[in-house]
Amino acid sequence: PYSTESFRSFVGYSPEKLVSDEACRRLAMRSYEHGKKLAPDCDSVVGLACSAALAKAGDERPDRLHRAYLAFQTKDRTYSIVANLPHLGREVEEKLIAQLIIQLLGKACEIDSTWLSSYDTAILSEVNDVTATPELVDLLHRKVKYIFPHAKYTFPRSNLSLDGRIILSSSLNPIHEGHVEMARIAEELYEQKVLYELSIQNARKPSLDYVDIQNR
C-alpha cells in the first residue's frame, strides 16, 4: 500500500498500520465482498491480498524490517501468513512475494495444502487459519439475521424471542470500559441482563472476517 488515501478509498478506513496482518485481512475481505457482488451465486470466490514493506531504492536503515503479510478470504475460511524477508534487494523480494501470492491462491483453491512446509519457519509463518461453522457462514452471507454462539444456546435460533431484551450492539474492537458501564447502567435501570451483540457488518467498512469474530 503506497497510498493511505487509496487504501481508505477501497477498504473504507485507515488502519493503525498499513503493513500488518489486520490491514491485509481487511483487503482480502473487501476483495471477497467485491467478488461476491460480481458473482453472487458463486461459492468459490476468493479475496486475495498482500501488504508489504520491501527493500527501498537507495539508502535505507540497516535495521529496517522487510516484511510481507498475505491473506485470503473464502466463503468459510480466513487465512493469513507473514513473510519476514532477509535483505535480498527489491527485485528478488518482489519475485519471492509474487511466488507466494500464486501459491497462496493455490491453497485458497485447495490445489496444494502443503506448500507452507517447504519454507523456513524463520522466514514464513502462519498467523491465522479459521474455518467457520455453517451457522457463521450463513450469518456473514446474510442468510440469517443473528446467531447465538454462547454454549448455553443451541441451534436453530428461529424460535428465540428477543422482544423486550436489552441489546448492546457494537463491533467490540475491543470491548472497553464504556461498553461495560453502559451495560451496568442499563441493567440497574431495567433489572435485566444486557446481551452484547457483535455486529459483523458495517455500512462503510468490510465485514469482520472469521478471525476477528473468533477473537472478539
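Residues numbered from 1 in each chain as written. Predicted model: local features only at pLDDT ≥ 70, side-chain atom pairs only at ≥ 80, totals over all residues. Heavy atoms only, no water.

A. Structural view of the overall build of the chain. On a plain count of helices and strands, the chain comes out with six helices and six strands. In the chain, buried positions account for 38% of the 216 residues. Sequence separation of at least 24 residues holds for 58% of the intrachain contacts in the chain that already meet a minimum separation of 6. When the accessible surface of the chain is summed, it comes to about 13,300 Å², and 52% of that surface belongs to carbon and sulfur atoms. (Helix = DSSP H or I, 4+ residues; strand = E, 2+ residues; numbered from the N terminus. Buried < 20%, exposed > 50% of the residue type's maximum accessible area, 1.4 Å probe, protein only. Contact = heavy atoms within 4.5 Å. Areas by Shrake-Rupley, 256 points an atom, 1.4 Å probe, with all protein chains shown as cover.)

B. View of the packing of helix α1 (residues 4-11) against helix α2 (residues 21-38). Contact geometry of α1 with α2 gives a least axis separation of 10 Å together with a crossing angle of 45°. Classified by the angle between their axes, α1 and α2 sit oblique to one another. The handedness of the crossing between α1 and α2 comes out as left-handed. Residues Phe7, Phe10 and Val11 of α1 pack against Ala23, Arg26, Leu27, Arg30 and Ser31 of α2. For the contact of α1 with α2, a count of residues per class yields five nonpolar, one polar and two charged. (Axes fitted to C-alpha atoms, helices over the stretch in contact; angles between N-to-C directions. Parallel < 35°, antiparallel > 145°, perpendicular 65-115°, else oblique. Left-handed = near helix turned anticlockwise from the far one by under 90°. Nonpolar A, V, L, I, M, F, W, Y, C, P; charged D, E, K, R; others polar.)

C. How the structure looks around the pattern of salt bridges. In this structure the tally under the stated criterion is 14 salt bridges. In this structure, the salt-bridge partner of Glu181 is Arg184, at a minimum N-O distance of 2.5 Å. With Glu181 and Arg184 both in helix α5 (residues 177-190), this residue pair falls three residues apart, about one helical turn. Across the pair Glu187 and Lys193 runs a salt bridge, and its minimum N-O distance is 3.8 Å. Judged by its relative accessible area of 58%, Lys193 is exposed. A network of salt bridges, in which partner residues are shared, links Asp21, Glu22, Arg25, Arg26, Asp209 and Asp212. (Salt bridge = Lys/Arg side-chain N within 4 Å of Asp/Glu carboxyl O.)

D. Layout of the nonpolar core. Counting 15 residues, the largest nonpolar core has Ala132, Leu136, Leu139, Leu140, Ile200, Tyr210 and Ile213 as its most contacted members. Breaking this core down by element, the ones donating at least two residues are α2, α4 (134-140) and α6 (210-215). At four residues, α4 tops the list of elements feeding residues into this core. Once you skip the residues sitting within four places of it in the chain, Ala132 turns out to touch Asp76, Val137 and Tyr210. Core analysis: the next-biggest nonpolar cluster, separate from the first, contains 14 residues, Leu70, Tyr79, Leu85 and Leu96 among them. (Core = buried A, V, L, I, M, F, W, Y, C linked by side-chain atoms within 4.5 Å.)

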